[in-house]
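Results of the structural survey
The primary structure of each chain is shown beneath.
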Amino acid sequence: MKVVLFCGGYGMRMRNGTDDDMPKPMAMVGPRPLIWHVMRYYAHYGHTEFILCLGYGAHHIKEFFLTYRETTSNDFVLRDGRTELLSTDIASWRITFVQTGIESPIGERLRRVRHHLDGDEMFLANYADVLTDAPLPEMIDRFARRDAGASMMVVPPQSSFHCVDLGEDGLVGGITAVSELPLWENGGYFVLRQEIFDHIPENGDLVADGCARLAKRGRLVAHRHRGFWKPTDTVKERAALDAAYARGDHPWAVWERDGATAGATGGTGARTA
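Residues numbered from 1 in each chain as written. Predicted model: local features only at pLDDT ≥ 70, side-chain atom pairs only at ≥ 80, totals over all residues. Heavy atoms only, no water.

Observations concerning the overall build of the chain
For the record, the criterion: By definition, any uninterrupted DSSP run of H or I lasting at least four residues is a helix, any uninterrupted run of E lasting at least two residues is a strand, and each is numbered from the N terminus. The globule rule is 2.2 Å times the number of residues to the power 0.38, and the radius of gyration it is compared with is taken over C-alpha atoms. The buried label goes to any residue with under 20% of its type's maximum accessible area, the exposed label to any with over 50%, and the partly exposed label to all in between, with areas taken from a 1.4 Å probe on protein chains only. Should any heavy atoms of two residues lie within 4.5 Å, those residues are counted as being in contact. Lys and Arg are tallied as positive, Asp and Glu as negative. Neither His nor the chain termini are counted. Note that the charge is assigned to NZ on lysines, CZ on arginines, CG on aspartates and CD on glutamates.
If you tally the helices and strands in the chain, you get eight helices and 16 strands. A compact globule built from 273 residues would reach a C-alpha radius of gyration of about 19 Å, and the chain, at 20 Å, matches this within 12%. Expressed as a percentage of the 273 residues in the chain, the buried residues total 48%. Nonlocal contacts in the chain, meaning residues at least 24 apart in sequence, comprise 77% of its contacts between residues at least 6 apart. For the chain, the distance from the average position of its 31 positive side-chain charges to the average position of its 36 negative side-chain charges is 3 Å.

A look at the sheet that holds strand 4 (residues 49-54)
Spelled out, the test is: We treat two strands as partners when DSSP finds at least two bridges between them. Think of each axis as a best-fit line through the C-alpha atoms, taken over the contacting stretch in the case of a helix, with angles from 0 to 180 degrees between the N-to-C directions.
Reading across the sheet, the seven strands line up as 7-4-1-8-13-10-14 and stay open at both edges, with mixed pairing between neighbours. Two strands close off the open sheet at either side, each with one partner strand: strand 7 (94-99) and strand 14 (220-224). Across the sheet, the axes of successive neighbouring strands diverge by a mean angle of 25°, strand direction being ignored. Bridge analysis of strand 10 (residues 150-155) against strand 13 (residues 185-193) gives five bridges, and the strand direction is antiparallel. From the neighbouring strand, Met 152 faces strand 13, where its bridge partner is Phe 190. In the packing of helix 5 (residues 206-216) onto the sheet, the strands contacted are strand 1 (2-7), strand 10, strand 13 and strand 14, and the crossing angle to strand 13 comes to about 70°.

What to know about the environment of Arg 112
Worth spelling out the cut-off: N or O atoms within 3.5 Å of each other form a polar contact, as long as, within protein, one can give a hydrogen and the other can take it, and as long as residues adjacent in sequence are counted only when both atoms are side-chain atoms.
Among the secondary structure elements, Arg 112 is positioned in helix 3 (residues 106-112). For Arg 112 and Gly 101, which are eleven residues apart along the polypeptide, the C-alpha to C-alpha distance reads 9.2 Å. Those residues in contact with Arg 112, other than ones at most four positions away along the chain, are Val 98, Thr 100, Gly 101, Ser 104 and Asn 203. A distance of 3.4 Å separates a polar atom in the side chain of Arg 112 from a polar atom in the side chain of Ser 104.

Things to note about the packing of aromatic side chains
Convention followed: Only Phe, Tyr and Trp rings are paired, with Trp represented by its six-membered ring, and only when their centres lie within 6.5 Å; those with planes under 30 degrees apart are stacked, over 60 edge-to-face, the remainder tilted. Both a distance and an angle decide whether a charge sits over a ring: NZ of Lys or CZ of Arg must be within 6 Å of the ring centre and within 35 degrees of the ring normal.
Under the criterion given, the structure shown has 14 aromatic pairs. The interplanar angle of 80° and the centroid separation of 5.3 Å between the aromatic rings of Tyr 41 and Tyr 42 together place this pair among those described as edge-to-face. The buried category is assigned to Tyr 41, whose relative accessible area is 1%. Using a relative accessible area of 1% as the deciding quantity, one classes Tyr 42 as buried. Against the face of Phe 143 rests Arg 193, its NZ or CZ located 4.4 Å from the ring centre.

Examining a nonpolar patch on the surface
To keep things clear, this is the line we draw: Residues qualify for a patch when their relative accessible area is over 30% and they have no salt bridge, like charges being joined within 9 Å and the nonpolar side chains of Val, Leu, Ile, Met, Phe, Trp and Tyr within 5 Å. For every accessible area listed, the method is Shrake-Rupley and the probe measures 1.4 Å; residues are considered covered only by the protein chains on display. A pairing counts as a salt bridge when a side-chain nitrogen of Lys or Arg comes within 4 Å of a carboxyl oxygen of Asp or Glu.
The grouping of Val 164, Leu 166, Val 172 and Ile 175 at the surface amounts to a nonpolar patch, some 390 Å² of accessible area in total. Every element with two or more residues in the nonpolar patch is listed here: strand 11 (162-166) and strand 12 (172-177). Checked against the element boundaries, Val 172 lands in strand 12.

Brief notes about the confidence of the model for the chain
Operational definition: Scored from 0 to 100, pLDDT records how confident the predictor is in each individual residue.
Here the chain averages 89 in pLDDT, while 90% of its residues score no lower than 70. Within the model, pLDDT remains below 50 along residues 260-273, and this stretch shows 45 contacts once partners closer than five positions in the same chain are excluded.

Considerations on unusual backbone geometry
The phi dihedral of Ala 128 falls on the positive side, at around 70°, and the residue is not glycine. With respect to the secondary-structure elements, Ala 128 resides in the loop between strand 8 (122-126) and strand 9 (130-132). For Ala 128, a relative accessible area of 0% puts it in the buried group. Of note in this structure, Asn 203 is not a glycine but carries a positive phi near 60°. Along the polypeptide, Asn 203 turns up in the loop between strand 13 and helix 5.

Section: the pattern of salt bridges
Under the defined criterion, the tally for this structure stands at 16 salt bridges. Its salt-bridge partner being Lys 2, residue Asp 120 comes within 2.6 Å of it at the nearest N-O pair. Placement of Asp 120 in the loop between helix 3 and strand 8 and of Lys 2 in strand 1 is noted, with a sequence separation of 118 residues between them. The buried category is assigned to Lys 2, whose relative accessible area is 7%. The shortest N-O distance in the salt bridge between Glu 195 and Arg 219 comes to 2.7 Å. Note that Glu 195 is positioned in the loop between strand 13 and helix 5 and Arg 219 in the loop between helix 5 and strand 14, a separation of 24 residues in sequence. By the burial criterion, Glu 195 is buried, and Arg 219 matches it. If you follow the salt bridges from partner to partner, you end up with Lys 2, Asp 118 and Asp 120 in one network.

Following this line, the structure appears as structure tokens:
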């Protein structure tokens, strides 16, 4: 299945200043940017055809892939001045780079790459800045069996704040952590059918317009995930992921946990760089 990645926003809470034009998916976690980790997740499950919805700072993303060095994250042998790769990351990937506008909402970005989907009944979509260990095949299979237009992965609230049950007399009746409330947040991992395009207007949003309209028609399903899920909306969140990676704590790297396969990650065995 094709994977649409939204990677054209400003990412204001991740920027270091007005002169910083690095898009959020290019923020580093370990030796690679966020977008690479997200793409490796999908590739591990055999989904290696990507459509990148570019916008702000697009040249950074293009340059990263145009000058990609497999030796950064793969073992290799150096012999007689030549590099023989023992495994590869992106050799089997097909990546389509599409400029979808600087100010475009996510729904409009999706509309602008529709023709690259070749009319596929189902496809995947992602914000390109959220990491998870969610079981993607299960998510897809459940949706495929449902008569629905879209599936949205949902996660428990991530806030560390507490909600207060306050009476009219000002007395507090109880305190509950937000994470313990019977609420769910949009987790940013979508399985979509072409039907979604019937509900996104020009310059519309994927969730507020497309998914909301499907929900009103009873055609939006949710995949609950209580496992690992971390966003990177702020510098602090990105730094926490980077520190965890340095400690060897990276549960989102399912390609390491499950063992990479040749079809998913570009193959193994020596090849000359």
